[in-house]
Amino acid sequence: MTAPGPLLQQGDGAAPSAARSTVLLVLGAVACTAAALFGHAVYVDPFSLRGQTLPLVVLAAVGLLVLPLVVRSRRTGPDLGALLVAAWVSWFGASQLHGTPFPYGGMSADIARLTAAATKFSVHLGSTDLLVKGLPIEYPPLFPWVVGRVSALTGKPAWTLVGVASVAFCGLAVLVGYLLWARVVTGPLALALCALPAAVYGDPRKAHEVAALSVMVPWVLAGLARLGRAATPALSWWATGIVGGLLLTDYQAYLVFSVAGLLVVVVLGLWHGPRWPYLRHLVLATVTAVLTASWFLVPWLSDLLRLGGDGSADLFVPFEIQRDPLHLPWHGPVQVGVVLTGGLLLLLWHARRSDWARVLLAVALSAMTYRWVMLWRYHRTGHTGFLQYTDRLYDGVLVLGFVLGLAASWPAVAARFRRGGRVPARLAVLPGVPALAAAAVVVLGLGTYWDGQRLGHPDTPDTPNFARLAHARQLPDGGWPRYNAEAGHSATIPADQVRAVVEREYGRGAVPTVLSYDESLSSYLPWYQYIGVGANSANSLANWPHREAEVWRLSAVHDPKAFAQAATRLDGGSVDVFVLKGVNRWFMWRDVRFEKGQFAQPWFHTTLVGGNTWVFTRVGAQVEHTAYPR
């Protein structure tokens, strides 16, 4: 391989050591948590102009602080700057949730499922599905597992922690990204790069995806790529393996999209220079990654081999694909197209002689190719392969490539100015130029993140304001968040009333298996559900179509005694409690109709709670009992 270029570390000791990185991670976890808790508890009306613009004012102050820190100390200045940036991301995100216990998005769709997983992990230490009893989790478990364990330790319901935890997780991801970047680039540049992924995709509803995007590219460069004449990558094999294992448990999609690119990176590493040290690094890192993720991978893979999967999750065609199926870099707004296209061109230019550019280009082209191949596959099978998520990865890579490409080009441009005797040549030798550039990129990147996640950001035809939805959601006890009048009203299932009915029947701490018209019931309570309400979001091991057929079969049993007996003998489990929506004279689960006579006494007890929600508890059902946070 060729020399790595002037922007990469040359063994000068500027990269944080393992001990220093550990200290920074601990400090970052404390700082991000404290900033998120403070922003959530103490703030002005987040809907007001002051509440909207205060984070931007603080961001400008952070930028002014970052600049002198980086100028003053090349070694510790960027570290402190990264801590400030991470804390700001956490504080700003939490400030937009001031007055509501809900996370971004309220309690619907993906965030409801993440919350349900966290609620399950508040009573289960090992892998367990967020809805179906007896199955391992298939959803990325790292973030909800952390929230669930915190819930168990603090005694606070997991659903009240997810909002604050998600923004703290986003902030900490910025710091982890910085630590990885600092292994391969100078401190000021690492600081600038760590702020960019959140600008590309910073949705706190999916903090695990934000974290994966922040970590993925620098992990590949520092842990898998052999840059320049180095015998092994910059990151040690054990650190590479641990980060890789955490990526597997946090969000696996970016690894899948990058498979072809990662193979190219490995082939390039084996082709140039001594092969044995590099191969040894890869093997040890792979083993470490698998061991780190084994608590998630082993149960899931073993049940996948035993039960098989229904493969229905990617049959849903979301609006992202319909709106922009190809997602080429020059599509979209002009300013975005300039950056993305510029990043692609700069990567192509530097790939002629720079290893880092080849690595980034391989990852970006791999994700693009995956998208286009899956689009072709969709026409043949109807399966999308989740291609709608690929653009987040290669857009992120191209934005990083744009900044890295400009940084790598600057010495040559400055030298040309110097030879020509022009005034801008002086900029090349001023010590504050890298710091000024880093501060500018940080402010621009996080300013974009601020604009996309603030409460005042307008809805689009495709995407609502997820911060506003957090204030619109009705509380499980029937109340409303503090600033609900400015956000609208979104009714929820009366979870507290449903729990009271169930515990009156089965005792305190009852954990029944339910058939519920609203699966967010399990976001508030660690109850099992025989089946969720959507096939596309279901665990593939649950065989959702077969379970739906079982519910239809059950609805056809009209004798109440036979109905109660049939509810205990469903394929895949039983139903102890029916939580159904009253519609005219029917009780509905999706399109399935149940009638009142099926729930007659003495086999069922019937209770009407708020929101025309009917709770039918099967008399004599043997349910689990456990203590859980309330």
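Each remark here, short or long, concerns the structure printed above.
Values in this document were obtained by computation on a predicted structure and should not be read as measured data.

On to a nonpolar patch on the surface, then. On the surface, Trp276, Leu279, Val283, Val287 and Leu291 cluster together into a nonpolar patch covering about 520 Å² of accessible area. Position of Val287 relative to the elements: it lies in helix α13 (residues 275-292). A residue is classified by how much of its surface remains accessible, and Val287, at 45% relative accessible area, is partly exposed.

Ranked by internal contacts, the top residues of the largest apolar core, which has 166 residues, are Trp88, Trp181 and Trp219. Counting residues in hydrophobic clusters, the runner-up holds 23 residues, among them Phe587, Val592, Phe594 and Phe616.

With omega at 5°, the peptide bond leading from Gln601 into Pro602 counts as cis. Among the secondary structure elements, Pro602 is positioned in the loop between β6 (592-594) and β7 (604-609). Positive phi is not limited to glycine here, since Ala109 has a value of about 55°. Ala109 sits in the partly exposed class, given a relative accessible area of 42%.

End to end, helix α12 (residues 259-271) covers 18 Å across 13 residues, agreeing with the expected 18 Å (1.5 Å per residue, within 8%). Along α12, the residues classified as buried are Gly261, Leu262, Val265 and Gly269. Taken down its axis, α12 places every buried residue within 100° of arc, on the same side. Counted as exposed and oriented over 90 degrees from the buried face of α12: Leu263 and Trp271. Buried residues along α12 sit in contact with α9 (207-224), α11 (253-257), α13 and α17 (355-381).

Along strand β2 (residues 513-516), one buried face is formed by Thr513 and Leu515 and the opposite face, lined by Val514 and Ser516, is buried too. Pairing analysis gives 2 bridges linking β2 to strand β3 (residues 528-529), with the strands arranged parallel. Its bridge partner being in β3, Thr513 is matched across the sheet by Tyr528. Taken together, the 3 bridges between β2 and strand β4 (residues 577-583) define a ladder with parallel strand orientation. Residue pairing for β4: Ser516 is matched across the bridge by Val579.

Turning our attention to the pairing of β4. The buried fraction of β4 amounts to 5 of the 7 residues, a majority that puts the element mostly inside the structure. By the bridge criterion, 5 bridges tie β4 to strand β8 (residues 613-618) in an arrangement that is antiparallel. Paired with Phe578 across the bridge in β8 is Phe616. With 3 bridges joining them, β4 and strand β5 (residues 586-589) adopt antiparallel strand pairing. Of the residues in β5, the one forming a bridge with Lys581 is Met588.

Thresholds, definitions, all that
In this convention, every chain numbers its residues from 1, walking through the sequence in written order. It should be noted that, the model being predicted, local features are given only for residues of pLDDT at least 70 and side-chain atom pairs only at 80 or more, the latter also being counted only at that level, while totals for whole chains, interfaces and linings use all residues. Water and hydrogen atoms play no part in the side-chain values, which are based on all heavy atoms of the structure. Only residues above 30% relative accessible area that lack a salt bridge enter a patch, with like-charged residues linked at up to 9 Å and the nonpolar side chains Val, Leu, Ile, Met, Phe, Trp and Tyr linked at up to 5 Å. Per-residue and other accessible areas were derived by the Shrake-Rupley procedure at a 1.4 Å probe size, with only the shown protein chains allowed to occlude residues. The term salt bridge refers to a pairing of a side-chain nitrogen on Lys or Arg with a carboxyl oxygen on Asp or Glu at a separation within 4 Å. Starting at the N terminus, helices and strands are each numbered in turn, a helix being any DSSP run of H or I of at least four residues and a strand any DSSP run of E of at least two. Partly exposed residues are those whose accessible area sits between 20% and 50% of the maximum for their type, while under 20% is buried and over 50% is exposed, using a 1.4 Å probe and protein chains only. Residues enter a nonpolar core if they are buried and are Ala, Val, Leu, Ile, Met, Phe, Trp, Tyr or Cys, with the set joined through side-chain atoms within 4.5 Å. Here, expected helix span is obtained from the residue count minus one, scaled by 1.5 Å. To obtain the arc, one takes the directions from the helix axis to the C-beta atoms. Throughout, a residue-residue contact means that at least one pair of heavy atoms, one from each residue, lies within 4.5 Å. Any two strands between which DSSP finds at least two bridges are classified as paired.

Just distances and angles here, no functional claims.
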